[in-house]
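Inside the fold
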Amino acid sequence: MENRESWNLHWHFTEGFSEDMLIEGFFDGAPEIHLPHTVKELPYNYFSHEATAMISTYERSFCLSDEELLKRSVVEFEGVMAYFDLYINGKYAGSHKGGYSRAYMEITSFVKSGKNTMIVVVDSHERDDIPPFGFVIDYLTYGGIYRDVSFYSLESAYIANLFFRYDIERDTINSYPEFVIDNNGAPFKGTLCYSLSNSDGNIIHTESQTFDIRSGKSTIVMAKHQLEGLKLWDVDKPILYDVHAWITDDKNELDSHDVRVGFRITECRPDGFYLNGKYTKIVGMNRHQSYPYIGYAMGRRAQQADADILKEYNFNGVRTSHYMQSRYFLDRCDELGILVFEEIPGWGHLGGDEFKKVVLQDVKSMIETDFNHPSIFMWGVRLNESGDDDELYTKTNMIAHRFDPSRSTGGVRYMQGSSFLEDVYTYNDFCHADDPGLDNVQLDQRQVTRLDRDVPYMVTEYMGHTFPTKPFDNEKKRDEHARRHARILARTLLRRDSLGSFGWCAFDYNTHGDCGSGDKICYHGIFDMFRIPKYAAWVYRSQKPTSEEIILQPLTNFARGEKDLNGITPFLVATNCDYIEVFMYGRSVGYYYPSDKFFGLPHPLIEVTFDDSTMWNIPWQDGKVIGYINGEPVAEYCYARDAYLQRMNVKQETDVLSTAEVDTCRFEVKLVDQYSNPCEYINTVFHFVTEGDLELIGPEYTAPIGGHIAFWVKSVPTNLANVCQAFFKRIKE
Ligand code: GAL
């Protein structure tokens, strides 16, 4: 299905629905909105978790030429929370259940030449026939058409999907792509072709084979053929190839279809994860796809940026908790070499028959949509932390294996000794809640599985609710948050009976009143909702090899009255330097080395301890930490005795925004002292103002949180056809 025409722009929206909205012209003159869209912008916290639960109506008109009328018309919805009915020119044209799955709606028999009207009636209530709803859930799901909508004008036969299947034996890659052809015409002889190009655009392989194309939907697998000269995809060198596929009858090309692929061997074994035969420990985070104020309604650039952050902080894995996520995020994981565990929507609860029908549909849809991403190594086919249901989960596993024999299945549980129907026993291990000591931070797999043999095993959550930590908590709390992450990471890296671990979680997120800190936020992230790192994030980033980046990040605000009894130490330094030298009271107080409390990390945290109990009446001085590699000083970090607010540092994501889409730019604003350290406890207000074709996402007035804040501005699309450039001014301070 090529020639995707974006239908993201020029919609109308209203809360509620009534029959007269189906009458043509009802929305004429109403203000326009653009996708991605949320049914209601929310405050940062303290709002009702029912604020987005509503029926709402979206309208868009479109024109079709006489020529297009002879073709098939298909509309693609990538994500609508949580249910919708579609009407074309006043007539009901279909519906879709599930807020995270893609829907293709054929509207050929409803369209006319000239102007047409499309109405989408969206139900964003937490309906108990749709997973994850029906009981309590620890996250918000918002509402609206929050991902892209596209239109396709197609011949009577087109390529509905392409699973670029292959296997690798020794060094040989054998491919047998599977085409899904939708043909509403008579049977015909068709030729299926594809070309495979590298990132320079050079074609490396072409293939064409002829088949009898039946009427209706059929699946056609090309005969196996060898691909030569290809390089494998892996986490360090994520090499990708572009596949351009097309179908012809005896005269014409009927349709084409592009996918991006990468070739790799993933093996989940009892002794760990192997990527292309190489033992690889997966170090990842869980990611919710929500953002402040607009929930899920964030487009391309912000989705990509989340993957960039994970890479920057040295993660090679992510779990898309607890649902299928944006193609922009997954594409970026492909590009960066981040291993993805993608799962179906669910949270703790199993509903009735209709609910379970949607579960099965979700498994199929997840694989049909995301099959070609090389980054995905495992499908999650249980609803997160639901009880055993062997009948249902035998089916979800069967579907996953039928559509994709090449990948393992997992299914996340909180239970020990639960029915093991998947390939990997995936378990949320919070045993460290009671004992944060070094030895007991993760259970051995047999304690969990209660099996008498080792099986492929993975920890899919740790930390989270066991130690919620706010960016403005006191230093001691944030320090302990980092210590616990470090101990669990060390254990993850040391053990040989697991594929790895995913921490809970990357980013703080909005949640229901049943969970979180009572303000509708779960402060479980190693980053806050604005994607600003807490101390714990530095634990991971400092494990990078120094060839990539030298890190020297003291985890302290270096103030004499912050901790109980005025002690500065102990404090931690996250660094990949060999050792550090610390200056306090105007002199060097010694050299400090990686602490054996964090044995197992490539770069254990350094703990600075110094008995300063007798120093209280000595004047405090500027402080300094120097990092050394091979005996040479390579990095320096300074602190002020007399810290005062000196300036605002602003980090701007991009200088250029597209006005052909709703593009976003993130600004990170930090109030800092004379050494650029954040004024963490500052209490003030920002006023953000935009000019030109830009809109602020969220409130105009806002306060920093932990000395920082970030905000996003979005472009207001002005022109459908061109990618214009909107240069915008720096924010007013
Ligand atoms: C888990 C759950 C997550 C999150 C986490 C908090 O049990 O799967 O969604 O709620 O707890 O620690």
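Since we're looking at a predicted model, the values are computed, not measured.

**A look at the sheet that holds strand 24 (residues 278-279)**
Strand order in the open sheet formed by three strands is 22-23-24, and the pairing between neighbours is antiparallel. Here the strands that pair on one side only, and so sit at the sheet edges, are strand 22 (266-269) and strand 24. Alignment of strand 23 (residues 272-275) against strand 24, held across two bridges, turns out to be antiparallel. Within strand 24, the residue paired with tyrosine 274 across the bridge is tyrosine 279.

**Let's talk about the packing of aromatic side chains**
Within this structure, the stated rule accounts for 48 aromatic pairs. Taking the centre distance of 6.2 Å and the plane angle of 70° together, the rings of phenylalanine 164 and phenylalanine 263 count as edge-to-face. In this pair, phenylalanine 164 sits in the loop between strand 12 (157-163) and strand 13 (166-169) while phenylalanine 263 sits in the loop between strand 21 (253-261) and strand 22, placing the two residues 99 residues apart along the sequence. Members of the aromatic cluster, connected to one another through ring pairs, are Phe558, Phe571, Tyr585, Phe610, Trp620, Tyr637 and Tyr639. Positioned above the aromatic ring of tyrosine 83 is the side chain of arginine 127, whose terminal nitrogen or guanidinium carbon lies 4.2 Å from the ring centre.

**Notes on unusual backbone geometry**
Between proline 131 and the following residue, proline 132, the backbone shows a cis peptide bond with an omega angle of 10°. Along the polypeptide, proline 132 turns up in the loop between strand 9 (114-123) and strand 10 (144-145). In the segment running from serine 321 into histidine 322, the intervening peptide bond is cis, with an omega of -10°. As for its placement among the helices and strands, histidine 322 is situated in the loop between strand 26 (317-320) and helix 3 (327-336).

**Side note on helix 7 (residues 475-494)**
Here helix 7 is 20 residues long and its end C-alpha atoms lie 28 Å apart, about the 28 Å a rise of 1.5 Å per residue gives. Helix 7 sits mainly inside the fold: 16 of its 20 residues count as buried.

**Some remarks on the site of the ligand**
Surrounding the ligand, one finds 13 residues, the nearest of these being Asp138, His322, Trp347, Glu385 and His465. Within the contact set of the ligand, an oxygen atom lies 2.8 Å away from a side-chain nitrogen or oxygen of asparagine 384. Within the side chain of glutamate 385, one N or O atom sits 2.7 Å away from an oxygen atom of the ligand. Within the complex, the protein chains bury 94% of what would otherwise be the 310 Å² of accessible surface of the ligand.

**Section: helix 3**
Within helix 3, burial applies to Tyr328, Phe329, Leu330, Cys333, Asp334 and Leu336. Tucked into the core, helix 3 has its buried residues touching strand 21, helix 2 (300-312), strand 26, strand 27 (339-343), helix 4 (353-370) and strand 28 (376-380). In this structure serine 326 caps helix 3, since a side-chain oxygen of it lies 2.9 Å from the backbone nitrogen of tyrosine 328. Following helix 3 by one or two positions, glycine 337 adopts a phi angle in the positive range, close to 80°.

**A few points about the side chain of aspartate 138**
Looking at the secondary structure, you find aspartate 138 in the loop between strand 9 and strand 10. Looking at aspartate 138, its side chain comes within polar contact range of the side chain of tyrosine 509, at 2.6 Å. When sequence neighbours within four positions are dropped, the list of residues in contact with aspartate 138 reads His288, Trp347, Tyr509, Thr511, Cys515, Cys522 and His524.

**Considerations on the state of the cysteines**
With the rule as written, the count across this model stands at zero disulfides. In this structure cysteine 577 is a free cysteine whose sulfur lies 14 Å from that of cysteine 638, the closest cysteine sulfur available. Look at cysteine 577 and you get buried, because its relative accessible area is 4%.

Reading guide: rules and limits
- Residues numbered from 1 in each chain as written.
- Predicted model: local features only at pLDDT ≥ 70, side-chain atom pairs only at ≥ 80, totals over all residues.
- Heavy atoms only, no water.
- Pairing = 2+ DSSP bridges.
- Helix = DSSP H or I, 4+ residues; strand = E, 2+ residues; numbered from the N terminus.
- Phe/Tyr/Trp six-rings, centres within 6.5 Å; stacked < 30°, edge-to-face > 60°.
- Lys NZ or Arg CZ within 6 Å of the ring centre and 35° of its normal.
- Expected span 1.5 Å × (residues − 1).
- Buried < 20%, exposed > 50% of the residue type's maximum accessible area, 1.4 Å probe, protein only.
- Near = heavy atom within 4 Å.
- Polar contact = N/O pair within 3.5 Å; in protein donor to acceptor, adjacent residues only side chain to side chain.
- Areas by Shrake-Rupley, 256 points an atom, 1.4 Å probe, with all protein chains shown as cover.
- Contact = heavy atoms within 4.5 Å.
- Disulfide = S-S within 2.5 Å.

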